[in-house]
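One-letter residues, chain by chain:
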Amino acid sequence: MIIHLDMDAFYASIEVRDNPSLAALPVVVGGSAEGRGVVSTANYVARQFGIHSAMPASQAKRLCPQAVFIKPRMQHYVAVSKQIRDIFHRFTDRVEPLSLDEAFIDTHGCEALFGTAETIAQKIKQAIREEIGLTASAGIAPNKFLAKVASDLQKPDGFVVVKAENIQSFLDPLPITRIWGIGPQTKKKLDRFQIATIGQFRTITKDLLFELFGDHGDHFWNLAHGIDARTVTPDREAKSISHETTFPVDLHDYEVLKGYLLELTDQVAMRLRRANLVGKSLHLKLRFSNFETITRSRTLTTPTHSSEPLAQSIVALLDAERSKLHRGVRLIGMGVSQLKADHPIQLTLFDQPQRERDQRMDQTADAIRLKFGKSSLARGTTFERPKKKENSSSPPSPPPNS
Ligand code: TTP
Ligand code: MG
């Protein structure tokens, strides 16, 4: 079975936990209500006033002038997220985080040791409550899609189990927008067939779905029938590990871009080390203002998870594209692939001291980052950060298993 676990009003719940006098008050975490800030999240008291994520903070203030507005403390949320992830890993390594506050957990193979998926989900929720002081909602189901839908149904502090024999009765009453990929546009197309629920959607033939949605039709058909073959992919089994960031304004400056790239490289390197992996190939991704995207890759002589050699190679790739940067860069990303489990490197006498130095630096950096958050260390390059979008401090959740 698969557990999908999602923290309730994550940032806001942490703020309330840390300052219990806020408990009964509407709390909004996000940018400034006076400027052009955006709501990151709101606690459930504030949601009763109609406040939700991604809403302009000024609008939230109009809806609920008495709300307490708090600026996000990202490093703090990252640290809490790490504690939660450690709880998941007590049960299994098959953990696929989707964002700071949600993850898929595959319980195959650990049920003999810890009990059924339901028991494991209860134990995880209990540990989060008792040790971290927060509540989470869990969905337990035979696949990712169903587990994710289930975790959202009884928020907050939800616990929803979907058994294989109940898949259809579980899905049928739900609105079609619960199907991944069916947004307002697709919904409009279906309105003229008077199709509003997943049960009604299931009456559409595959042929008509193909006519309406092309290749997506199959995907919708499967989900409407509760079929989702995607597996939980922990970092450990990932084919590649990558990070990217989109800027609110296009960037042209080489040094600024290099600074971002080195930060992303440090994050990727740390994930490799935590998963005990080394990678042999690395790639740079650049998206320009006209949305043209290029990737450039290079193969390393020795597979590594060390920040320094990865940083050198990725900067060399960026250098080679330097003449294009004047076009404006809206996204930069880097990744490492051709991964394999780390094993002690056969050191030649010649390169041993350098490798040992790199290793010591990595260990110290990881310890500091895990303690104080990932942005606590800056590399030797100093760079001016462009002003970030108020709500862009957390990376958007990747589409599950993409
Ligand atoms: P969500 O899990 O979507 O929201 P939530 O945990 O606040 O509330 P819920 O109980 O409905 O799960 O997102 C997790 C965190 O990500 C959220 O606390 C703040 C951040 N976030 C943003 O910064 N901007 C956004 O638009 C969204 C949706 C979330
Ligand atoms: Mg959440």
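Refer to the structure printed above.
First, a word on what this report is: a plain description of the structure on this page. (Residues numbered from 1 in each chain as written. Chains lettered and ligands numbered in written order. Predicted model: local features only at pLDDT ≥ 70, side-chain atom pairs only at ≥ 80, totals over all residues. Heavy atoms only, no water.)

**Comments concerning the packing of aromatic side chains**
Alright, step 1. Across all of its chains, the model carries 7 aromatic pairs by this definition.
Alright, step 2. Ring geometry for Tyr11 versus Tyr77: centroids 4.3 Å apart, planes at 20°, classification stacked. Here the residue Tyr11 occupies a position in helix H1 (residues 10-18), and Tyr77 occupies one in helix H4 (residues 74-91), the gap between them amounting to 66 residues. For the pair Tyr11 and Tyr77, a shared accessibility class is recorded, and that class is buried.
Alright, step 3. For the ring pair Phe91 and Phe114, a centre distance of 5.0 Å and an interplane angle of 65° mean the geometry is edge-to-face. Pair noted here: Phe91 is in helix H4 and Phe114 is in helix H5 (residues 111-114), with a separation of 23 residues, a long-range link.
Alright, step 4. We classify Phe91 as buried; its relative accessible area is 12%.
Alright, step 5. Given a relative accessible area of 23%, Phe114 falls into the partly exposed group.
Alright, step 6. Here Arg47 stacks its cationic end above the ring of Tyr44, 4.2 Å away from the centre of that ring. (Phe/Tyr/Trp six-rings, centres within 6.5 Å; stacked < 30°, edge-to-face > 60°. Helix = DSSP H or I, 4+ residues; strand = E, 2+ residues; numbered from the N terminus. Buried < 20%, exposed > 50% of the residue type's maximum accessible area, 1.4 Å probe, protein only. Lys NZ or Arg CZ within 6 Å of the ring centre and 35° of its normal.)

**Examining the pattern of salt bridges**
Alright, step 1. By the definition in use, this model includes 20 salt bridges.
Alright, step 2. Between Lys155 and Asp8 there is a salt bridge, with the nearest N and O atoms lying 2.8 Å from each other. One end of the pair, Lys155, is in the loop between helix H7 (144-151) and strand S8 (159-161); the other, Asp8, is in the loop between strand S1 (2-7) and H1, with 147 residues separating them in the sequence.
Alright, step 3. Notably, a salt bridge pairs Arg73 with Glu15, separated by 3.0 Å at the nearest N-O pair. Here Glu15 lies in helix H1 and Arg73 lies in the loop between strand S4 (68-70) and H4, a separation of 58 residues in the sequence.
Alright, step 4. With a relative accessible area of 37%, Arg73 lands in the partly exposed category.
Alright, step 5. Classification of Glu15 as buried rests on a relative accessible area of 7%.
Alright, step 6. Shared partners join several salt bridges into a network, and the residues in it are Glu15, Arg17, Asp18 and Arg73. (Salt bridge = Lys/Arg side-chain N within 4 Å of Asp/Glu carboxyl O.)

**Describing the site of ligand 1**
Alright, step 1. If you check the shell around ligand 1, you find 14 residues, and the closest are Asp6, Ala9, Thr41, Tyr44 and Arg47.
Alright, step 2. Note that an oxygen atom of ligand 1 is positioned 2.8 Å from one of the backbone N or O atoms of Ala9.
Alright, step 3. Ser40 is positioned with one of its backbone polar atoms (N or O) 3.4 Å from a nitrogen atom of ligand 1.
Alright, step 4. The fraction of the free accessible surface of ligand 1 (560 Å²) that becomes covered by protein chains is 76%.
Alright, step 5. For the shell around ligand 1, the elements supplying multiple residues, two or more each, are S1, H1, strand S3 (39-42) and helix H2 (44-47).
Alright, step 6. A per-class count over the shell around ligand 1 returns 5 nonpolar, 4 polar and 5 charged. (Near = heavy atom within 4 Å. Polar contact = N/O pair within 3.5 Å; in protein donor to acceptor, adjacent residues only side chain to side chain. Areas by Shrake-Rupley, 256 points an atom, 1.4 Å probe, with all protein chains shown as cover. Nonpolar A, V, L, I, M, F, W, Y, C, P; charged D, E, K, R; others polar.)

**Comments concerning empty space enclosed by the protein**
Alright, step 1. The tally for this structure, following the rule as stated, stands at 1 cavity of 30 Å³ or more.
Alright, step 2. The volume enclosed by the largest cavity comes to roughly 40 Å³.
Alright, step 3. Contributing to the lining of the largest cavity are Ser81, Ile84, Arg85, Phe88, Ser99, Leu100, Asp101, Glu102 and Ala103.
Alright, step 4. At the level of secondary structure, the elements contributing two or more residues to the lining of the largest cavity comprise H4 and strand S6 (102-106).
Alright, step 5. It is H4 that contributes the most residues to the lining of the largest cavity, 4 residues altogether.
Alright, step 6. Considering only residue class, the lining of the largest cavity consists of 4 nonpolar, 2 polar and 3 charged. (1 Å grid on protein atoms, 1.4 Å probe; cavity = no way out; pocket = protein on both sides within 12 Å on 5 of 7 lines; lining within 4 Å. Points joined across faces, edges and corners; volume = space filled by probe spheres on them.)

**Quick look at the sheet that holds S4**
Alright, step 1. Taken together, 3 strands build an open sheet; the order of strands is S3-S2-S4 and the sheet is mixed. At either end of the open sheet lies a strand with only one pairing partner, and these are S3 and S4. Here the strands of the sheet are splayed against their neighbours by 25° on average, with no regard to which way each runs.
Alright, step 2. Strand direction decides the pairing type here: strand S2 (residues 27-30) and S3, joined by 3 bridges, are antiparallel. Paired with Gly30 across the bridge in S3 is Val39.
Alright, step 3. In the packing of H1 onto the sheet, the strands contacted are S2, S3 and S4, and the crossing angle to S2 comes to about 120°. (Pairing = 2+ DSSP bridges. Axes fitted to C-alpha atoms, helices over the stretch in contact; angles between N-to-C directions. Contact = heavy atoms within 4.5 Å.)

**So, the sheet that holds strand S7 (residues 136-141)**
Alright, step 1. With mixed pairing, the 5 strands of this open sheet are ordered in space as S5-S6-S1-S7-S8. The sheet is open, and its two edges are formed by strand S5 (95-99) and S8, each paired on a single side. Between one strand axis and the next, the sheet turns by 15° as a mean value, whatever way the strands run.
Alright, step 2. Here 6 bridges tie S1 to S7, and the two strands are oriented antiparallel to one another. When the bridges of S7 are listed, Ile3 appears paired with Ile140.
Alright, step 3. Packing against the sheet, H7 makes contact with S1, S5, S6, S7 and S8, and its axis sits at approximately 145° to S7.

**So, the coordination of the magnesium ion (ligand 2)**
Alright, step 1. In this structure, Asp6 (OD), Met7 (O) and Asp101 (OD) serve as the protein donors to the magnesium ion (ligand 2), at separations of 2.0 to 2.2 Å.
Alright, step 2. Around the magnesium ion (ligand 2) sit 6 donor atoms, and with donor-metal-donor angles ranging over 80 to 176° the site reads as octahedral.
Alright, step 3. Mapped onto the sequence, the donors of the magnesium ion (ligand 2) take the spacing D-M-x93-D. When sorted by exposure, Asp6 lands in the same class as Met7, which is buried. (Donors = N, O, S within 2.8 Å, 3.2 Å for Na, K, Ca; no water. Tetrahedral: all angles 85-135°; square planar, octahedral: opposite > 155°, others 65-115°.)

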